[in-house]
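Residue-level structure breakdown
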Amino acid sequence: MSDSALHNPPLDRPHRPRPWHNLPFWGLLPTWVLMGFALLVPVVIVAAVSVATRGTHGGFTWDFNLASYRQILFNEGWTGEMEFTPQYLMIIARTFVLAGATTLICLIFAVPVAYFIARQTAGTKAVLIYLVTLPFWVSMILRVYAWMIILGRGGPLPRFLESFGLPPGTSFMFNDFATLTAMVYTYMPLMVLPVFASIEKLDVTLIEAAHDLYANRWTTVRKVILPLTAPGIVSGAILVFVPSLGAVLEPTLMGGGKQMMMGSLIQLQFGGGRNWPFGAAIAMTLMCFVVIFLIFTAHRAARKGDVA
Amino acid sequence: MNEAKAVEVRSVSKSFGTYQALRSVSFDIGANEFFTMLGPSGCGKTTLLRMLAGFETPDSGSIRLHGREVLDLPPHRRRVNTVFQNYALFPHMTLEQNVAFGLENLGWDRARIRARVGEMLERVHMETMARRRPGQLSGGQRQRVALARALAPDPEVLLLDEPLSALDLKLRQAMRDELRKLQRDSGITFVFVTHDQEEALDMSDRIAVLGAGEVQQIGSPTEIYEEPANRFVADFVGETNFFDVEVLETVAGQATVRTPFGLVITAPETGVAGRRRATLSVRPEKVNLGDQAQGVTMQGQVVNKNYMGGYTHYTLDIGGIELRASRRNASREGDAIAAGETVNVGFAPLSARVLAS
């Protein structure tokens, strides 16, 4: 070290502009680029398409037009008069009901499962968590087909129930039950994992303290366990509800495609329907619902922030 | 002992796998008593406390609270409250709500709960923070709230699981006095678990020393310290010197023994009758040095000296045998004996103890 460096404390060194002086900016740049191209640009494109005009033979032209959004609520007659049609609203409502039901059923199953896993020893815990995530290693389409076999005519479940007197040749396929089964199955891990994380964090002595202070099981669950695991339950619900809204595969394959959900409706418009602007408009509508839902839950979480 | 028994523990045993935590433990705790279970970690004291609370079930034996068998009652049906080691305050509730929790579950009406919560928070000097949450409190404050919460339902027995261990030294001192006062004022039976012998000696009416899953001795703090029942108790409670001695004669609670110093002394004994070898226990503060040396007197050289402020520890060499002594520094010159010096060393035989080895 030179003499002058010894006598000059670091703070007095002349300020030299360095290329990396704004490290947070440069460090996060890859993230910004990725987010921009992978998220923002596609959303802008879809938004743009949603206000474009449908071409005569499929495709679209870049002419500003809100007709696609109008089409969600109104049917345009021959003479140009607008007639209210609830058919798409019905699909939106169905989507919400099915996604809500999926979330609820996942929650009912996931809480005891997560609670059970959280109470195991470290080794068992790791194995069980691995088993919960195991289905992710298999292609989703394969898993749905597996369910089609299980529930379909001559499949294991109908055959099992036929031995209890169910008429032969019964199929549980191509209805809301089948759709719901596949959706609950698909999204269950997304509920189990965050709920498990919050239950595992829960201090067992708090449960003991509740019992010690004369709380029975139900009171303990209601007043202590649920409030303290709420953050995990809320994030699990978001992780299940949001992708459920956009589910395509399950309603198409399991529901038989007769009863549509928003996801399959969008897919149809971009595919067989050849109506890209309308598909984009429904996609944007779906996204708006999701964003509103997320803002609502984030707002609630922020208000309760000092608790968790 | 008090006529009414708050707790009766009878032949309680418990194993965890191959590890035997408790071996046929029996004792009684009187009503309004401050009873301490003292012992090293793993001695079974916490297991016993958790059995009283209902979180553990003994493999065999019985536990009665105020004459009533409780083993078939779950924790929430026992009129017992616990102050947990880490306090276990509900983080999502205000202090008020924490204290009210037990009362709500007991079905008290709102007005009565409000009054009781106010009264309890006042008693632990936390009334100004009623609306805060546990996360905003210091360790000592949490401790007080945990006490208020456990005392609010007016339990038959209050269980305290090492409640002072997380506090710093000064605060621990203050809380000891406060706990003792709370116990006297409330008239509730306190069962206190600790591994800190000083805490136990300071606060308790009676102490049960537990070791290796068994009750080693039960008695008043003075009995435990001055008349230890065995080597384990003498060793665990306080500092002491142990010497292997040869028993020459035992008569009426007194044993005449030959010490390794060559001297023959007669000192009080416990459980030595009929044995040839025993252990002599001499507490360091009972050993006098220099011109204060009386009783059994010997010559010893100061090998090491540790000045502790209020007192000084000396390690002495008496003909090749080590003896520790401690002396209160009553004046500035209290530690006038220098290392290397040869001094008179003495102790009164009555203050020593002959124990089964």
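Residues numbered from 1 in each chain as written. Chains lettered and ligands numbered in written order. Predicted model: local features only at pLDDT ≥ 70, side-chain atom pairs only at ≥ 80, totals over all residues. Heavy atoms only, no water.

**A closer look at the sheet that holds strand E19 (residues 342-347) of chain B**
Residue and element names in this part refer to chain B. Put simply, the rule reads: We call two strands paired when DSSP finds no fewer than two bridges between them. Numbering goes from the N terminus for both helices and strands, where a helix is a DSSP run of H or I of at least four residues and a strand is a run of E of at least two. Working convention: axes come from line fits to C-alpha atoms, limited for helices to the stretch in contact. Angles between N-to-C directions cover 0 to 180 degrees.
Taken in spatial order, the 5 strands make up an open sheet running E15-E19-E16-E17-E18, and their pairing is antiparallel. The open sheet has two edge strands, strand E15 (287-289) and strand E18 (321-328), and neither has a second partner. Averaged over all adjacent pairs, the angle separating strand axes in this sheet is 45°, with direction ignored. When E15 meets E19, the two strands line up antiparallel, connected through 3 bridges.

**Concerning the interface of chain B and chain A**
Note the cut-off: Only heavy atoms matter for contacts: two residues are in contact if any of them lie within 4.5 Å across the pair. Take the accessible area each of two parts loses on contact, using a 1.4 Å probe, and add the two losses: that sum is the buried area. The salt bridge criterion pairs a side-chain nitrogen of Lys or Arg with a carboxyl oxygen of Asp or Glu, the two atoms within 4 Å. Polar contacts here mean pairs of N or O atoms no more than 3.5 Å apart (in protein, one a potential hydrogen donor and the other a potential acceptor; neighbouring residues in sequence count only if both atoms are side-chain atoms). Gly counts as polar in this scheme, as do all residues outside two lists: the nonpolar Ala, Val, Leu, Ile, Met, Phe, Trp, Tyr, Cys and Pro, and the charged Asp, Glu, Lys and Arg.
If you look at the interface, chain B gives 27 residues, while chain A gives 19 residues. Summing both sides of the interface, chain B and chain A together bury roughly 2000 Å²; the carbon and sulfur share of this comes to 61%. Taken as a group, His76, His92 and Phe101 of chain B account for 29% of the area that chain B buries against chain A, more than any other trio of residues on that side. Applying the counting criterion to the chain B and chain A interface returns 2 salt bridges. Note that Arg50 of chain B is salt-bridged to Glu208 of chain A, the shortest N-O span being 2.7 Å. Remark: the boundary between chain B and chain A carries 10 residue pairs in polar contact (both at pLDDT 80 or more). Among the secondary structure elements, those contributing two or more residues to the side of chain B that touches chain A are helix H1 (45-53), strand E6 (80-83) and helix H2 (95-105) of chain B. The dominant element in the side of chain B that touches chain A, judged by the number of residues it contributes, is H2 of chain B, at 4 residues. For the side of chain B that touches chain A, a count of residues per class yields 14 nonpolar, 7 polar and 6 charged.

**Section: the pairing of strand E10 (residues 214-219) of chain B**
Residue and element names in this part refer to chain B. Pairing analysis gives 5 bridges linking strand E9 (residues 206-211) to E10, with the strands arranged antiparallel. The residue of E10 that forms the bridge with Ala208 is Ile218. In textbook terms, the turn of a hairpin is the stretch between consecutive antiparallel strands, and for E9 and E10 this stretch comprises 2 residues, one of which, Ala212, has a positive phi near 50°.

**Here's the deal with helix H5 (residues 169-186) of chain B**
All names here are of chain B. Applicable threshold: Here, expected helix span is obtained from the residue count minus one, scaled by 1.5 Å.
Taking 1.5 Å per residue as the helical rise, H5 with its 18 residues ought to reach 26 Å, and the 26 Å between its terminal C-alpha atoms agrees with that figure. On the buried face of H5, the contacting elements are strand E3 (34-38), helix H3 (110-123), helix H4 (139-151), strand E7 (157-161), strand E8 (189-194) and helix H6 (197-203). Following H5 by one or two positions, Gly187 adopts a phi angle in the positive range, close to 70°.

**What about the nonpolar core?**
All names here are of chain B. Keep this limit in mind: As used here, the term nonpolar core means buried Ala, Val, Leu, Ile, Met, Phe, Trp, Tyr and Cys residues forming a set that is joined through side-chain atoms within 4.5 Å. Here the term buried applies to any residue with accessible area under 20% of the maximum for its type, exposed to any over 50%, and partly exposed to those in between, with areas from a 1.4 Å probe on protein chains only.
Ranked by size, the top nonpolar core spans 43 residues in total, and within it Met37, Phe90 and Val191 carry the most contacts. The leading source of residues in this core is H1, at 5 residues. In this view, Val191 contacts Ile29, Phe35, Met37, Leu49, Leu52, Val157, Leu158, Leu159 and Leu160; residues no more than four positions away in its chain are not counted. Of all hydrophobic cores here, the second largest spans 36 residues; its members include Leu89, Val124, Ala130 and Phe190.

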